[in-house]
Amino acid sequence: MASYYHPPLKNDLLLRTARGEKGSRPPIWVMRQAGRYLPEYHKAKGKKDFFECCRDPEVASEITLQPIDRYEGLIDAAIIFSDILVIPQAMGMTVIMVDKVGPHFPDPLASPSDEQYKEVMEKEVDVVKELSYVYQAISLTRKKLEGRVPLFGFCGAPFTLLCYMVEGGGSRTFQVVKTWVYKHNTEAKALLQKIAELCVEYLAQQVVAGAQIVQVFDSWAGELSPAMFKDVAMPYLEWICDRLPKRLEELGEEKVPMVVFAKGAWYALVDLCKTKYDVIGLDWLHDPKQAYEIAQKHGKVVQGNADPGVLYGGREAITQAVKNMVEGFGGGKQGWIANLGHGVTPHVNPDDLKFFFEEIHRFSDEYQERAMPNGSGIKAAEQQMHERNILHSDW
Ligand SMILES: Cc1c2[nH]c(c1CCC(=O)O)Cc1[nH]c(c(CCC(=O)O)c1C)Cc1[nH]c(c(CCC(=O)O)c1C)Cc1[nH]c(c(C)c1CCC(=O)O)C2
């Protein structure tokens, strides 16, 4: 099945960087860029339930575009408005989003002896049909984007999804999932494998619908010890990056860059660099310079990694954090996608986030100037301005 027709990309900086090519500056986006910190998000959501918004392609695409419109010329990618928990829903589980609390599963998979475990394992899940609303939202968003920036598709990693499915929501102690992975390791792995297979098909269908790059979120990886990460997280992250390109080929689709974000798993950086993922997402536990050196040695691109909390810290703190990133990640001409180390949090002032983006542009421009004496840097900066489509009266 061939992709739907979409207008050509006007800004492919992020895709080129993700593939390891050189660019004139680092591409920029942030996780959760469409969300509660934006007043226009609340307006579009109105009284609708969160998952109702996800299931309405018109609303989901409108919310996806909000940060692109607000930060026009400053950011280089959109990410489809949806949630990682649509996979458990497709598997037949009920998930509700409780205001100011987060996701809640009224009937989680407490133990493998539960009847529900058998049901979930035996259920044949049709992610093409069950999640068709996501693909429709992606196609509609691509149309509305008119090629301004590329569109990310995404899914949750098997371990993180297992956490939610057995805990029933967020957790402090992760008692239930720890019981599963230590005491019921075989049954946990059977479920992880099932989720991994669904993730591959889900990501492939997102690409068919128009996603141009995909990211796998392992948000709870940091709850695992290095040994347990190797046992219950890594094999399933690898399954996804090994299988997705093959599945895309079967579907007659081009390969897309793949990003992995295993939050908290700083010890796994080298192992992640040895996988088929093109880009390794970094949280703020990493020192930019050290992580960049390791990734460069393995020919991988990194993405990240400012502490999202810096956005509460005012302009000086933001400037300092950006400077640290730009210098640590080698200036941003190659091998780095600028982002936060996790999603932007509610209550952030959207203007402070704008300042964060502007500072990344400013510092990477300046870095380039320094790297290219005799005025040739000015040419590069002009080129960047052109790419950003900005008319600069005081240039
Ligand atoms: C763990 C996880 C979830 N969802 C997601 C993750 C992985 C990333 C991460 O670690 O943050 C992924 C996600 N969730 C959402 C997106 C949209 C795209 C984007 O990044 O802009 C993405 C990529 C929207 C959302 N997903 C959610 C909201 C807030 C919903 C609302 O109350 O309006 C949004 C905009 C709800 C959600 N969904 C989830 C939680 C824990 C919560 C509540 C926590 C919170 O309040 O931030 C599960």
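All values reported here derive from a predicted model rather than from experimental measurement.

Caption draft 1: Seen up close, unusual backbone geometry. Cis rather than trans, the peptide bond between Gly304 and Asn305 has omega equal to 0°. Mapped onto the elements of the fold, Asn305 is located in strand 8 (residues 301-306). A positive phi angle, close to 50°, is found at Glu146, a residue other than glycine. Examined against the element boundaries, Glu146 turns out to sit in the loop between helix 8 (132-145) and strand 4 (151-156). The class of Glu146 is partly exposed, set by a relative accessible area of 49%. Although it is not a glycine, His347 adopts a positive phi angle of roughly 75°. When you line up the elements, His347 lands in the loop between strand 9 (336-340) and helix 16 (350-371). You can call His347 exposed: its relative accessible area is 73%.

Caption draft 2: Looking closely at the sheet that holds strand 7 (residues 279-281). In space, the seven strands of this open sheet follow the order 1-4-5-6-7-8-9, with parallel pairing throughout. Only two strands of the sheet have a single partner each, and these edge strands are strand 1 (78-79) and strand 9.

Caption draft 3: Local environment of the packing of aromatic side chains. The tally for this structure, following the rule as stated, stands at 16 aromatic pairs. Both rings, one in Trp266 and one in Tyr267, keep their centres 5.7 Å apart while their planes meet at 70°; by these two values the pair is edge-to-face. Of the residues examined, Trp266 reaches a relative accessible area of 51% and is grouped as exposed. Among the aromatic residues, ring-to-ring pairing joins Tyr41, Phe50, Phe51 and Phe81 into one connected group. Just above the ring of Tyr133 sits the side chain of Arg55; from NZ or CZ to the centre is 5.9 Å.

Caption draft 4: Just the environment of Ala90, in detail. In this structure, Ala90 sits in helix 5 (residues 86-90). In sequence terms Ala90 and Cys241 are 151 residues apart; their C-alpha atoms lie 21 Å from each other. Excluding its chain neighbours within four sequence positions, the residues that come into contact with Ala90 are Lys123, Val125, Glu130 and Leu131.

Caption draft 5: Examining the UniProt feature "domain: Uroporphyrinogen decarboxylase (URO-D)" (unreviewed entry) in the protein chain more closely. In the numbering adopted here, UniProt assigns the feature "domain: Uroporphyrinogen decarboxylase (URO-D)" (unreviewed entry) to residues 27-36 and 152-168. Across residues 27-36, the secondary structure splits into 0% helix and 0% strand, with the terminal C-alpha atoms separated by 23 Å. From the first C-alpha to the last, residues 152-168 spans 27 Å; its make-up is 59% helix and 29% strand.

Caption draft 6: Highlighting the nonpolar core. Of all hydrophobic cores here, the largest spans 140 residues; its most connected members are Phe229, Leu353 and Phe356. Sorting elements by how many residues they give to this core places helix 11 (residues 185-209) first, with 14 residues. Once residues within four sequence positions are removed from consideration, Phe229 is found in contact with Ala221, Leu224, Met234, Pro235, Leu237, Ala262, Ala265, Tyr267 and Ala268.

Conventions adopted
- Residues numbered from 1 in each chain as written.
- Predicted model: local features only at pLDDT ≥ 70, side-chain atom pairs only at ≥ 80, totals over all residues.
- Heavy atoms only, no water.
- Helix = DSSP H or I, 4+ residues; strand = E, 2+ residues; numbered from the N terminus.
- Buried < 20%, exposed > 50% of the residue type's maximum accessible area, 1.4 Å probe, protein only.
- Pairing = 2+ DSSP bridges.
- Phe/Tyr/Trp six-rings, centres within 6.5 Å; stacked < 30°, edge-to-face > 60°.
- Lys NZ or Arg CZ within 6 Å of the ring centre and 35° of its normal.
- Contact = heavy atoms within 4.5 Å.
- UniProt positions renumbered as here; feature names shortened; annotations may be inferred.
- Core = buried A, V, L, I, M, F, W, Y, C linked by side-chain atoms within 4.5 Å.

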